[in-house]
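Chain and residue survey
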Protein chains: 2
Amino acid sequence: MNGADVLCDVLLANDVTVCFANPGTSEMHFVAALDRKPEMRCVLGLFEGVVTGAADGYARMTERPAATLLHTGPGLANGLANMHNARRALSPMINIVGDHASYHLALDAPLTSDIESLAAPMSNWVGRVDGPADVGPAAKAAFRAAMTPPGIATLILPADAAWGEVGAVPPGKVKLAPPPAVDMNAVRKVAAAIRAAPGRAGMIVRGRAARADALEIAGQLSTACDVRLFSEVLIARMQRGRGRVAPTRIPYPVDAATALLRDIDVLVLVGAREPVAFFAYPGKPGRLVREGCQVLTLAGHGDDLQAALEALRDELGIKPSQQTVVATAFPDEATPSGKLTEDAIALSVARKLPADAIICDEAITSARRFFALSAFAAPHDYMMGTGGSIGGGIPMATGAAIACPGRKVINLEADGSGMYTVQGLWTQARENLDVVTIVFSNRTYAILHGEMRNVGVSAIGENARRMLDLDHPALDWVLLAKGMGVEAARAETCKRFDVLLDSALSRRGPFLIEAVL
Amino acid sequence: MNGADVLCDVLLANDVTVCFANPGTSEMHFVAALDRKPEMRCVLGLFEGVVTGAADGYARMTERPAATLLHTGPGLANGLANMHNARRALSPMINIVGDHASYHLALDAPLTSDIESLAAPMSNWVGRVDGPADVGPAAKAAFRAAMTPPGIATLILPADAAWGEVGAVPPGKVKLAPPPAVDMNAVRKVAAAIRAAPGRAGMIVRGRAARADALEIAGQLSTACDVRLFSEVLIARMQRGRGRVAPTRIPYPVDAATALLRDIDVLVLVGAREPVAFFAYPGKPGRLVREGCQVLTLAGHGDDLQAALEALRDELGIKPSQQTVVATAFPDEATPSGKLTEDAIALSVARKLPADAIICDEAITSARRFFALSAFAAPHDYMMGTGGSIGGGIPMATGAAIACPGRKVINLEADGSGMYTVQGLWTQARENLDVVTIVFSNRTYAILHGEMRNVGVSAIGENARRMLDLDHPALDWVLLAKGMGVEAARAETCKRFDVLLDSALSRRGPFLIEAVL
């Protein structure tokens, strides 16, 4: 067997069974090794941002890494933006980046580049395989790094390490340490602070603290002790919908965020970080809590967040039978009609959402109302891009659908954002994934128009307009989707949108609705 | 005025008048400043690989930098693959990467990343603006770096440097040093070596040595002294066609390349580097010249290559009236009919090529015959991806068309490669660029099938097939193009292809032909 075979064996021994791939010549021995392992599911992306974004979506839903297969520095570079999102989502991921044979690097052949320098900013661990005998240890180290938060592991595989012969190697199941025990000092400190600030304590939950079971405990704390529950502005994954506790999302605009947090004297972080402004603006603060707010960490991402919440509940003397406040039925609201609007789409999707659906939200400005409404929708998982990299939606939906074949994935996608990684639609068609993509076709970077106003420009001229608007020509998303083998149709009215959504939800396989706004 | 205004002024003062852009929030003040400068042409790309690839195409045709506008680390990351090609093409380019306000970086907001680490591998110069007063000096340094080969300059612009007020600054025209005088020692050494190796000397020309005038001199040397003329395997830009001297391109396959160079005892580099294998293969050499071959540099990329060739001609006692061997009329060959083939396309395009056209060749395996045939075509410029990054073709054609509005651009594009930066078609439609894209739709990564055979795999299985083939579903390039506003049609026969090509060449504006193979 060669080094590439060893790499496959280590991955499979550790239940890494999906490889999102866009290979090149330096990875041909690895491709040949994968070809000998039909138990590895290889999923081709026609662009590397699809590959890494799909691995992110897969990881968020499974809490397990997929492998990615990328071709040298430029292939890695194309995948970095969605690796950035994955890193900010704290997703586990094992990127395998093929490189020239080690002895070939000194010749500085055209594809040569400094892969370590490229990988470092978006990786938590970077390693280079040092010859065929090192493939096994390096692959195990990469797996361990991926499973140890934060978990973006990038393994550089020189071609001669892949093709070099090695003796039979025992497949290496990596033994992972359990999460550390709950830090009772932190629990007692947080409990005391909450008690000392009645009505003025808040809690931000994220990661496993944003799963239904943990949210239930957070909701009990909230109800019993008047603790306000928040989520970060960009949500890696949260379980939401009827019967579930729904934290308030900290708003994106700085003024709204600081207003929301103005009365909070104690802010408890559960798997979360202290909230900061997404961007700096002249004269506005970067930290969003008020001056003097006490920010306490109950537990961090790698800890057992649910156990920490349970310990806090006990410490605060709250019974496990404590009731919570949850959304039940939709607020009474007439079904909109006439020309399609963003809010009409939000209401329609929230009402029609099938149970156990997965929502990927990259609609940026267009689906703002959906988040509030979805608290009343059927129980579902909700995910967003987390690092501000645009182009995460279509790939993330792709990976989530591969992770959860029995569940409907609905991707709320802005037209500007969707174009960055539009190639992911082809992978959805190739794999016949059960993804409904709803494109909010407003033909502009609407968020940037808002940001231009934020910097004091009220009337924009030709140069700015040509950089902020996507019109002339308008994108035809129905043709784009069909061009990649995805069925698609266009809606310009509320009625037509509802008909298309009903149809898309009643069938399996990818479908795209261009919602013209 | 603010820092962003100063940046615009410095760019315009140095005749940088095109900005390929994909802006985000941290660049809004720069966008507002550009909006006050209608003399700057701002060209939106819907993905950053389009932006940097277009800047490369623009630079190759004008020998001048365009500016690119990219949004923080992830936006830069998306542009790196085509920056890599540009770096290998030795193209001048000024990348302006917006970043958070400097005081915001410590908060590690979601979009924060190590931009310097990302930029360094694909840049020859990286600078970060240190406050509003530094914008002028930093912008001038970036321009100087871009104009000093090799010329990829990346300037990181923190938002607070862009929005900070500065006093009126005199627009800074940068004074550039002329290229150094011809190195007569090198000339004499090369002349002596050529004289000492009759019939066994070769010369590789690239950059300005591959323009028609310089090629004419190289051709005189070749004829008079029996020096074999070569080009590198990947050609940044070469002037070719009837009446022009046509160097032999060093082949991509290692065995063919070493065979071609086997009889060369003296290899003279004119703006070129010693040829090496694109990839390493077990048991094959990395250097392509034979053991003991004397490799001499006549002049490097930053030198006056034409003057160096003239000096060498004089040193060798060749008269300026020396005749050269050039292609004249096409070899006699029947017009193919029936089902369309790669070679039929090559012949048709070569025969119908309008005078002064620009060819962008990213057809990888599919247009191999075109290069040989194009020596007989009408005079034209020929460009390829130079760094092995896939996805250069559509953007490069876009930038070349903006650089040369009066010339027809023909982009020979592989279907696999085209998908990486397919968004560039929209920019061609938006700007109504005179580009004919011919997609060689073979529905496979044909080069990788070849590479699998190179690593000894003759029959491939399901996993490999699913990573190397683009079928199931087939891409419909006509729909993709129309979805982005580009007129398109499909050809499956030679006759239909000829009709479509005639039509595309007789009109102005973008057109795409899907050539089904």
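Residues numbered from 1 in each chain as written. Chains lettered and ligands numbered in written order. Predicted model: local features only at pLDDT ≥ 70, side-chain atom pairs only at ≥ 80, totals over all residues. Heavy atoms only, no water.

Some thoughts on the overall build of chain A
The helix and strand inventory of chain A stands at 20 helices and 18 strands. A globule of 517 residues ought to have a C-alpha radius of gyration of about 24 Å, and chain A, at 24 Å, matches this closely. Projected onto its principal axes, the C-alpha positions of chain A cover 65 × 60 × 45 Å. Looking at chain A residue by residue over its 517 residues, the buried ones come to 65%. When contacts within chain A are restricted to residue pairs at least 6 apart in sequence, those whose partners lie at least 24 apart make up 80%. Put simply, chain A shows about 16700 Å² of open surface, and 52% of that area lies on carbon and sulfur atoms. Distance from the positive charge centre (50 side chains) to the negative charge centre (54 side chains) of chain A: 5 Å. (Helix = DSSP H or I, 4+ residues; strand = E, 2+ residues; numbered from the N terminus. Rg over C-alpha atoms; globule rule 2.2 N^0.38 Å. Buried < 20%, exposed > 50% of the residue type's maximum accessible area, 1.4 Å probe, protein only. Contact = heavy atoms within 4.5 Å. Areas by Shrake-Rupley, 256 points an atom, 1.4 Å probe, with all protein chains shown as cover. Lys, Arg positive; Asp, Glu negative; His and termini not counted. Charge placed at Lys NZ, Arg CZ, Asp CG, Glu CD.)

Details of the pairing of strand β2 (residues 41-44) of chain A
All names here are of chain A. Here strand β1 (residues 18-21) pairs with β2 via 4 bridges, running parallel. Along β2, the bridge assignment pairs Val 18 with Arg 41. Between the parallel elements β1 and β2, the chain passes through helix α2 (residues 28-35) in a crossover that is right-handed. (Pairing = 2+ DSSP bridges. Right-handed = clockwise from strand over helix to strand, strands pointing away.)

Examining unusual backbone geometry
Residue and element names in this part refer to chain A. Here the amide bond leading from His 472 into Pro 473 is cis, since omega sits at 0°, within 30 degrees of zero. Inspection of the secondary structure assignment puts Pro 473 in the loop between α18 (462-468) and α19 (477-483). Here Asp 226, not a glycine, exhibits a phi torsion of approximately 55°, which is positive. Relative to the elements of secondary structure, Asp 226 occurs in the loop between α9 (212-225) and β8 (227-231). Given the relative accessible area of 46%, Asp 226 is considered partly exposed.

Notes on the relation of the copies chain B and chain A
The two chain copies are connected by a rotation around an axis plus a translation along it. Overlaying chain B with chain A gives an RMSD of 0.0 Å, the required rotation being 180° about an axis along which the chain moves by 0.0 Å. Considering both components of the superposition, the chain copies are consistent with a two-fold axis. Residue by residue, 100% of the interface of chain B is reproduced at the interface of chain A, so both copies engage with the same surface. (Least-squares fit on C-alpha atoms with pLDDT ≥ 70 in both.)

Some remarks on the environment of Asp5(B)
Within the fold, Asp5(B) resides in helix α1 (residues 3-13). On a C-alpha basis, the gap between Asp5(B) and Gly136(B) in space is 9.6 Å, while along the polypeptide they are 131 residues apart.

Things to note about the domain arrangement of chain A
Residues and elements named next belong to chain A. By domain assignment, chain A separates into domain 1 (3-163), domain 2 (184-315) and domain 3 (342-516). With centres defined by C-alpha atoms, the gap from domain 1 to domain 2 works out at 35 Å. Each side of the interface is counted separately: domain 1 has 7 residues, and domain 2 has 9 residues. Here domain 1 meets domain 2 over a buried area of about 720 Å², counting both sides, of which 43% is carbon and sulfur. Among the residues of domain 1 in contact with domain 2, Arg 60, Glu 63 and Leu 90 are the three that bury the most area, contributing 60% of the side total. Between the two partners, domain 1 and domain 2, sit 2 salt bridges. The tally of links from domain 1 across to domain 2 stands at 5 residue pairs in polar contact (both at pLDDT 80 or more). Split by residue class, the side of domain 1 that touches domain 2 holds 4 nonpolar, no polar and 3 charged. (Domains from an automatic or database assignment. Buried area = accessible area lost by both parts, 1.4 Å probe. Salt bridge = Lys/Arg side-chain N within 4 Å of Asp/Glu carboxyl O. Polar contact = N/O pair within 3.5 Å; in protein donor to acceptor, adjacent residues only side chain to side chain. Nonpolar A, V, L, I, M, F, W, Y, C, P; charged D, E, K, R; others polar.)

Quick notes on the UniProt feature "domain: Thiamine pyrophosphate enzyme TPP-binding" (unreviewed entry) in chain A
The positions that UniProt labels "domain: Thiamine pyrophosphate enzyme TPP-binding" (unreviewed entry) are, in the present scheme, residues 375-514 of chain A. This span, residues 375-514 of chain A, is 41% helix and 19% strand, and a straight line between its end C-alpha atoms measures 25 Å. (UniProt positions renumbered as here; feature names shortened; annotations may be inferred.)

Considering the sheet that holds strand β6 (residues 152-158) of chain A
Residues and elements named next belong to chain A. With parallel pairing, 6 strands are arranged side by side in an open sheet as β2-β1-β3-β4-β6-β5. In this open sheet, the two strands that pair with only one neighbour each are β2 and β5 (125-128). The average undirected angle you get between the axes of adjacent strands in this sheet is 20°. This element, helix α1 (residues 3-13), spans β3 (67-71), β4 (93-99) and β6 of the sheet and lies at about 175° to β4. Sheet strands in contact with α2 are β1, β2, β3, β4 and β6, and its direction is about 145° off that of β3. (Axes fitted to C-alpha atoms, helices over the stretch in contact; angles between N-to-C directions.)

A few points about the confidence of the model for chain A
When pLDDT is averaged along chain A, the result is 96, and 100% of the positions lie at 70 or above. Our summary of model confidence lists the complex with pTM equal to 0.98 and ipTM equal to 0.97. (pLDDT = per-residue confidence, 0-100.)

Some points on the interface of chain B and chain A
Many authors give the size of an interface as the accessible area that is lost as the parts come together. With 103 residues of chain B in contact, the opposing surface of chain A contributes 103 residues. Buried area between chain B and chain A, summed over both chains or domains, comes out near 8200 Å², and the portion from carbon and sulfur atoms is 64%. Counting the contacts that link chain B with chain A gives 8 salt bridges. At the junction of chain B with chain A, the criterion picks out 51 residue pairs in polar contact (both at pLDDT 80 or more). Counting residues per element, the side of chain B that touches chain A draws most heavily on helix α4 (residues 72-88) of chain B, at 9 residues. Here the residues of the side of chain B that touches chain A sort into 58 nonpolar, 27 polar and 18 charged.

Concerning the state of the cysteines
Residues and elements named next belong to chain B. Tallied over the full model, the rule gives 0 disulfides over all chains. Left without a disulfide partner, Cys 42 is nearest to the cysteine sulfur of Cys 19, which lies 5.1 Å away. Judged by its relative accessible area of 2%, Cys 42 is buried. Residue Cys 404 stays outside any disulfide, its sulfur separated by 10 Å from that of Cys 360, the closest cysteine. With a relative accessible area of 10%, Cys 404 lands in the buried category. (Disulfide = S-S within 2.5 Å.)

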